[in-house]
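The lines below spell out each chain.
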Amino acid sequence: MKEKLRWVYNQHYLEQDHIKQATAILPYFSLDQVRKVGQFQRTYEQFEKTPLHHLEALSSYMGVEKIMVKNESYRFGLNAFKVLGGIYAIAQYVANKLGRNIEELSFEQLKTPEVRAQVGNLTFISTTDGNHGRGVAWAARELGFQARIYMPAGSAAERLLHIKSEGAFAEITTMNYDDTVRYTSQLALENGWVLIQDTYVARL
């Protein structure tokens, strides 16, 4: 029997616009697509499975057989799972620039001087309040590209330093998150930078 993914709408987040957006993107999250993403991620030489932990006391208290928690604090030393999204988004963009299928490429191939010569100097830009931006900065640096990361007002200075430590230009703006997303999107358009965003971008 063919495996299927089952998606359930968040009952606390059922505004009509959000349902339309979710319906539009769900085809990109088929089981086949999930496998393709996993296949590419495993081409990174330091890729390792992160551990699952069984919360026995909590599952017993809740009256269920198992509650499993995946510990992503081991992921490439970044203490967050979001680096995987940044890697794949950047890799997919580069693969498209090359006119290649990402399934034919490995992470190491994308790091080669030959690839850099074909795609040129790229700058990836994103808005974040922490982990996503650090992942984009890390992935861009690993592949030899530039990253510019913008954070909303009130973001933690420690998180800003973590992003800068990955070699990216980063700053905290005076705007809230949504306005910073719009600002980042506009900068990408004006400068020919590549937007790697983990949220829907609504342009006013």
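None of these values were measured; they are calculated from a predicted model.

Student: Requested: an account of the environment of L187, with residues and values cited.
Tutor: Within the element layout of this structure, L187 appears in helix α9 (residues 177–191). It is 8.4 Å that separates the C-alpha atoms of L187 and I125, two residues lying 62 residues apart in sequence. Not counting the four nearest positions on each side in its chain, L187 is found in contact with I125, Y150 and W193.

Student: I'd love a proper account of the pattern of salt bridges, names of residues and values included.
Tutor: Applying the stated criterion across every chain, the model contains seven salt bridges. Across the pair R100 and E104 runs a salt bridge, and its minimum N-O distance is 3.3 Å. Its relative accessible area of 49% is what places E104 among the partly exposed residues. Residues joined by salt bridges that share partners form a network here, namely K111, R134, R141, E142 and E166.

Student: Explain the packing of aromatic side chains to me, using residue names and the numbers behind them.
Tutor: Both the distance between ring centres and the angle between the ring planes are used here to describe each pair of aromatic rings. Taken as a whole, this structure holds six aromatic pairs when the rule is applied. When the ring of F40 is compared with that of Y88, the centres are 6.1 Å apart and the planes differ by 70°; the resulting orientation is edge-to-face. Of this pair, F40 sits in helix α2 (residues 31–41) while Y88 sits in helix α4 (residues 83–98), placing them 48 residues apart in sequence. Judged by its relative accessible area of 13%, Y88 is buried. When the ring of Y93 is compared with that of F124, the centres are 5.9 Å apart and the planes differ by 90°; the resulting orientation is edge-to-face. One end of the pair, Y93, is in helix α4; the other, F124, is in strand β3 (residues 123–127), with 31 residues separating them in the sequence. On the basis of relative accessible area, Y93 is assigned to the partly exposed category, the value being 27%. Put simply, the rings of Y93, F124 and F145 touch in pairs and so form one group of aromatic residues. Against the face of F169 rests R148, its NZ or CZ located 4.0 Å from the ring centre.

Student: Describe the pairing of strand β5 (residues 169–172), with residues and values.
Tutor: In the sheet, strand β4 (residues 146–151) pairs with β5 via four bridges, with the strands oriented parallel. By the bridge assignment, M151 is partnered in β5 with I172. Handedness of the β4-helix α8 (residues 157–164)-β5 crossover: right-handed.

Reading the values: the criteria
- Residues numbered from 1 in each chain as written.
- Predicted model: local features only at pLDDT ≥ 70, side-chain atom pairs only at ≥ 80, totals over all residues.
- Heavy atoms only, no water.
- Helix = DSSP H or I, 4+ residues; strand = E, 2+ residues; numbered from the N terminus.
- Contact = heavy atoms within 4.5 Å.
- Salt bridge = Lys/Arg side-chain N within 4 Å of Asp/Glu carboxyl O.
- Buried < 20%, exposed > 50% of the residue type's maximum accessible area, 1.4 Å probe, protein only.
- Phe/Tyr/Trp six-rings, centres within 6.5 Å; stacked < 30°, edge-to-face > 60°.
- Lys NZ or Arg CZ within 6 Å of the ring centre and 35° of its normal.
- Pairing = 2+ DSSP bridges.
- Right-handed = clockwise from strand over helix to strand, strands pointing away.

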